[in-house]
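Summary of the model geometry
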Amino acid sequence: MGRVWLFRSLALLPGLLVGGVIAVSPDPSGPWVFPLGQRLLYVHVPLAWASYVGFFGVLVAALRVLFRGSRRAGQWMRALVESTAVFAACALGTGLAWSYEFALFDPLMDPKVVSTVVLVGVLVGLWVLSRAAVASRRDEVVASVSLVGFLSVPASYFASRLATPHPDFLRPGEGIDAFMLGLVLVSMVGFVSLLIALSWLRRRQLALEEERV
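About the criteria used
Residues numbered from 1 in each chain as written. Predicted model: local features only at pLDDT ≥ 70, side-chain atom pairs only at ≥ 80, totals over all residues. Heavy atoms only, no water. Helix = DSSP H or I, 4+ residues; strand = E, 2+ residues; numbered from the N terminus. Contact = heavy atoms within 4.5 Å. Patch = residues over 30% accessible without salt bridge, like charges linked within 9 Å, V, L, I, M, F, W, Y side chains within 5 Å. Areas by Shrake-Rupley, 256 points an atom, 1.4 Å probe, with all protein chains shown as cover. Salt bridge = Lys/Arg side-chain N within 4 Å of Asp/Glu carboxyl O. Buried < 20%, exposed > 50% of the residue type's maximum accessible area, 1.4 Å probe, protein only. Expected span 1.5 Å × (residues − 1). Arc of directions from axis to C-beta. Axes fitted to C-alpha atoms, helices over the stretch in contact; angles between N-to-C directions. Parallel < 35°, antiparallel > 145°, perpendicular 65-115°, else oblique. Left-handed = near helix turned anticlockwise from the far one by under 90°. Nonpolar A, V, L, I, M, F, W, Y, C, P; charged D, E, K, R; others polar. Core = buried A, V, L, I, M, F, W, Y, C linked by side-chain atoms within 4.5 Å.

**Re the environment of Ala88**
Inspection of the secondary structure puts Ala88 in helix H3 (residues 71-99). Distance in space between the C-alpha atoms of Ala88 and Val124 is 9.8 Å, their sequence separation being 36 residues. Contact partners of Ala88, with chain neighbours within four places excluded, come to Ser51, Val120 and Leu123.

Laid out in structure tokens, this is it:
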């Protein structure tokens, strides 16, 4: 019963936290002068960060698969790959939606966008591999490729440090105040909770499917 309530809490938190953040967010100002962008700040950025967290979870599970041969870790790895792929694709989509407020911005010329496309492609590739690989070697194969694929996470993150029009909180004139940063972090907690809940549910589904084999 305790796990059921924990799952329900994780599944319900995102709506309360993310919805609450958008409801109390301040009027656009400074570099976030565009209304759409200022609202997407609390969706796009937490989705991207949650995707990094999810891929890190894939990495941890992959290491447990390779060094301990854990079947449960393999199921968590594959479940996290699927959930994180969806989150990363949504982060990319909301980022592209945000870019439409800048008439002269070409997404394909932005290293951040290109590296995030690669990140999504890696996750989708791992998802396809997990469905196509031979069952007896599936977890080991996916885990091995995941170790290399994880390099797309730092590539995507540090792309913002390059000469790119993508907003960067660390660049002068593009920072956000403490209140807005707090709202971003609260929203991130909501999205990470949703990621865990979806991965938990998918891991359980995989376990039930594979018990029948």
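**So, a nonpolar patch on the surface**
Taken together, the side chains of Leu63, Leu66, Phe67, Leu147, Val148 and Leu151 present a nonpolar region at the surface, about 590 Å² in accessible area. Going through the elements one at a time, helix H2 (35-68) and helix H5 (138-149) are the ones with two or more residues in the nonpolar patch. For the nonpolar patch, the element with the highest residue contribution is H2, accounting for 3 residues. Along the chain, the position of Leu147 falls in helix H5. Classification of Leu147 as partly exposed rests on a relative accessible area of 32%.

**Topic: the pattern of salt bridges**
Here the structure, examined in full by the defined rule, presents 5 salt bridges. Note that Glu210 is salt-bridged to Arg138, the shortest N-O span being 3.4 Å. Placement of the pair is Glu210 in helix H7 (residues 178-211) and Arg138 in helix H5, with a sequence separation of 72 residues. Summarising the burial analysis for this pair, Glu210 and Arg138 share the class buried. Residues Glu209 and Arg202 are paired through a salt bridge, measuring 3.9 Å at the closest nitrogen-oxygen approach.

**Some remarks on H5**
Here H5 spans 16 Å end to end across 12 residues, near enough to the 16 Å set by a 1.5 Å rise per residue. Where H5 is concerned, the buried positions are Arg138, Asp139, Val142, Ala143, Ser146 and Gly149. The buried residues of H5 occupy an angular sector of 120° when the element is viewed end-on, so they sit on one face.

**Some remarks on helix H4 (residues 111-132)**
A turn of α-helix holds 3.6 residues, and therefore any two residues three or four places apart point the same way. With 22 residues, H4 should cover 32 Å at 1.5 Å per step; its first-to-last C-alpha distance of 31 Å lies within 8% of that length. Within H4, the full set of buried residues consists of Lys112, Val113, Ser115, Thr116, Leu119, Val120, Leu123, Leu126 and Ser130.

**A closer look at the packing of H3 against H5**
Two elements in contact, H3 and H5, have axes whose closest approach is 10 Å; the angle formed by their N-to-C orientations is 55°. Between H3 and H5, the crossing angle belongs to the class labelled oblique. Like other packed secondary-structure pairs, H3 and H5 cross with a definite hand, here left-handed. Together, Arg71, Gly74, Met77 and Arg78 of H3 and Arg138, Asp139, Val142, Ala143 and Ser146 of H5 make up the contact between the two elements. Tallied by class, the residues present in the contact of H3 with H5 amount to 3 nonpolar, 2 polar and 4 charged.

**Quick word on the nonpolar core**
By size, the foremost hydrophobic cluster in this structure holds 23 residues, and its most contacted members are Phe55, Val58, Met77, Leu119, Leu123 and Val153. The contacts of Leu123, once residues within four sequence positions are left out, are Phe55, Val81, Thr84, Ala85 and Ala88. The next biggest cluster of nonpolar side chains, apart from the first, holds 11 residues, and it includes Phe87, Met188, Val192 and Leu195.

**Observations regarding the side chain of Ser187**
Inspection of the secondary structure assignment puts Ser187 in helix H7. Ignoring anything within four residues of it in the chain, the contact list for Ser187 reads Val18, Val21, Tyr42 and Pro46.

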